[in-house]
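Chain by chain, the residues run as shown.
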Amino acid sequence: MEVFFIALATVAIAEIGDKTQFVTLTLSARYRRPWPILAGVLAASLANHGLAAVGGLWLSRLLPDTLITWIVGLGFIAMALWTLRSDHHEEHAPAISVRGAFLTTFLLFFLMEMGDKTQIATAALAANFDTVIWVVAGSTLGMLLANAPAVWLGHRYADRIPVRLMSRIAAGLFLAIGLWVLGSALLKAVS
């Protein structure tokens with residue numbers, strides 16, 4: 001169960017201020033149909049993070065545990081740097097089809113999450129903890145927790161959200177987690 005909460009917190013933090021959160025905000029403002037949009041986020045997260053977790057678990061079977069730990073620690077530090085990218089928040093959502101709130105949300109969200117830091121974190125967590133179900137459940141709920149406010153209230157307050165501050169806080173948390181993982185690995189290697 002600990003893995004579930006680690007995945008939930010990691011992905012929820014990673015998603016704060018992310019481009020997919022802004023896409024969710026845009027879709028919510030455009031369609032004004034929160035339930036299909038939230039369902040699209042859920043379905044896309046399950047599919048995307050399921051693929052990432054299976055891939056991460058597969059990689060963990062090929063690589064030694066020590067190497068996986070170092071990759072995870074360095075991965076969190078890389079996510080901290082990625083979060084601080086200045087152009088990260090200037091990306092705009094692609095043009096939206098009017099075919100339906102659910103399908104549009106599912107397709108955009110799934111495609112935009114490919115190779116995103118939350119997908120990479122999910123793969124790394126599955127590799128590190130050797131489980132798919134708890135990681136995917138936690139990461140998917142983390143995505144929902146981070147995106148639900150964007151769906152329900154975000155479009156009303158988009159002008160007032162200090163994105164730069166949120167990004168810096170998220171980056172600091174990723175850096176701390178990465179350093180903690182690497183420190184643990186060093187202590188384990190020394191003893």
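Refer to the structure printed above.
Here the structure is a predicted model, which means the values were calculated and not measured.

Draft legend 1. Looking closely at the layout of surface pockets. The computed volume of the largest pocket comes to approximately 580 Å³. Lining the largest pocket are 24 residues; nearest its centre among them are Thr69, Asn128, Phe129, Trp180 and Val181. If you list the elements that add at least two residues to the lining of the largest pocket, you get helix H1 (2-15), helix H4 (65-83), helix H6 (117-129) and helix H8 (163-190). Per-element tally for the lining of the largest pocket: the top contributor is H8, with seven residues.

Draft legend 2. Representation of the pattern of salt bridges in the model. One pass over the full model with this rule turns up one salt bridge. Asp130 is the partner of Arg61 in a salt bridge, and the nearest nitrogen-oxygen pair spans 3.2 Å. Note that Arg61 is positioned in helix H3 (residues 34-62) and Asp130 in the loop between H6 and helix H7 (133-157), a separation of 69 residues in sequence.

Draft legend 3. Summary view of the side chain of Ser45. Its location among the elements puts Ser45 in helix H3. You can call Ser45 buried: its relative accessible area is 1%. Those residues in contact with Ser45 that lie beyond four places of it in its chain are Gly50, Phe109, Thr140 and Met143.

Draft legend 4. Representation of the packing of aromatic side chains within the structure. Summed over the entire model, instances satisfying the criterion amount to five aromatic pairs. Summarising the aromatic geometry, the rings of Trp35 and Trp152 are spaced 5.1 Å apart at their centres and angled 75 degrees between planes, so their arrangement reads as edge-to-face. Separated by 117 residues along the polypeptide, Trp35 in helix H3 and Trp152 in helix H7 bring together distant segments of the chain. By the ring-pair criterion, three or more aromatic residues cluster together here, those being Phe4, Phe5 and Trp134.

Draft legend 5. Inspection of the packing of H1 against H6 at higher detail. Close contact between H1 and H6 brings their axes to 9 Å; oriented N to C, the two are set at 160 degrees. On the basis of the axis angle, H1 is roughly antiparallel to H6. Crossing handedness for the pair H1 and H6: right-handed. Where H1 abuts H6, its residues Val3, Ile6, Ala7, Thr10, Val11, Ala14 and Glu15 lie against Lys117, Thr118, Ala121, Thr122, Leu125 and Phe129.

Draft legend 6. A look at helix H5 (residues 101-113). In this model H5 runs 18 Å from its N-terminal to its C-terminal C-alpha over 13 residues, within 8% of the 18 Å that 1.5 Å per residue would give. Every buried residue of H5 is listed here: Ala101, Thr104, Thr105, Leu108, Phe109, Phe110, Met112 and Glu113. Within two residues after H5, Gly115 carries a phi angle of roughly 75 degrees, on the positive side.

Draft legend 7. Structural detail: the environment of Gly178. Residue placement: Gly178 occurs in helix H8. Exposure remark for Gly178: the relative accessible area of 0% places this residue in the buried category. For Gly178 and Val72, which are 106 residues apart along the polypeptide, the C-alpha to C-alpha distance reads 7.3 Å. When neighbours within four sequence positions are excluded, Gly178 is seen to be in contact with Gly73, Phe76 and Ile77.

Draft legend 8. Expanded view of helix H2 (residues 19-31). Compared with an ideal rise of 1.5 Å per residue, which puts 13 residues at 18 Å, H2 spans 18 Å between its outermost C-alpha atoms and is within 8% of the ideal. What H2 keeps buried is the set Lys19, Thr20, Gln21, Val23, Thr24, Leu25, Leu27, Ser28 and Tyr31.

Draft legend 9. Summary view of the environment of Phe110. Of note, Phe110 is situated in helix H5. Spatially, the C-alpha atom of Phe110 lies 9.0 Å from that of Gly40, the residues being 70 residues apart in sequence. The residues contacting Phe110, other than those within four sequence positions of it, are Ala44, Ala47, Asn48, Leu51 and Thr105.

Thresholds, definitions, all that
Residues numbered from 1 in each chain as written. Predicted model: local features only at pLDDT ≥ 70, side-chain atom pairs only at ≥ 80, totals over all residues. Heavy atoms only, no water. 1 Å grid on protein atoms, 1.4 Å probe; cavity = no way out; pocket = protein on both sides within 12 Å on 5 of 7 lines; lining within 4 Å. Points joined across faces, edges and corners; volume = space filled by probe spheres on them. Helix = DSSP H or I, 4+ residues; strand = E, 2+ residues; numbered from the N terminus. Salt bridge = Lys/Arg side-chain N within 4 Å of Asp/Glu carboxyl O. Buried < 20%, exposed > 50% of the residue type's maximum accessible area, 1.4 Å probe, protein only. Contact = heavy atoms within 4.5 Å. Phe/Tyr/Trp six-rings, centres within 6.5 Å; stacked < 30°, edge-to-face > 60°. Axes fitted to C-alpha atoms, helices over the stretch in contact; angles between N-to-C directions. Parallel < 35°, antiparallel > 145°, perpendicular 65-115°, else oblique. Left-handed = near helix turned anticlockwise from the far one by under 90°. Expected span 1.5 Å × (residues − 1).

Scope: geometric values only; no functional claims are made or implied.
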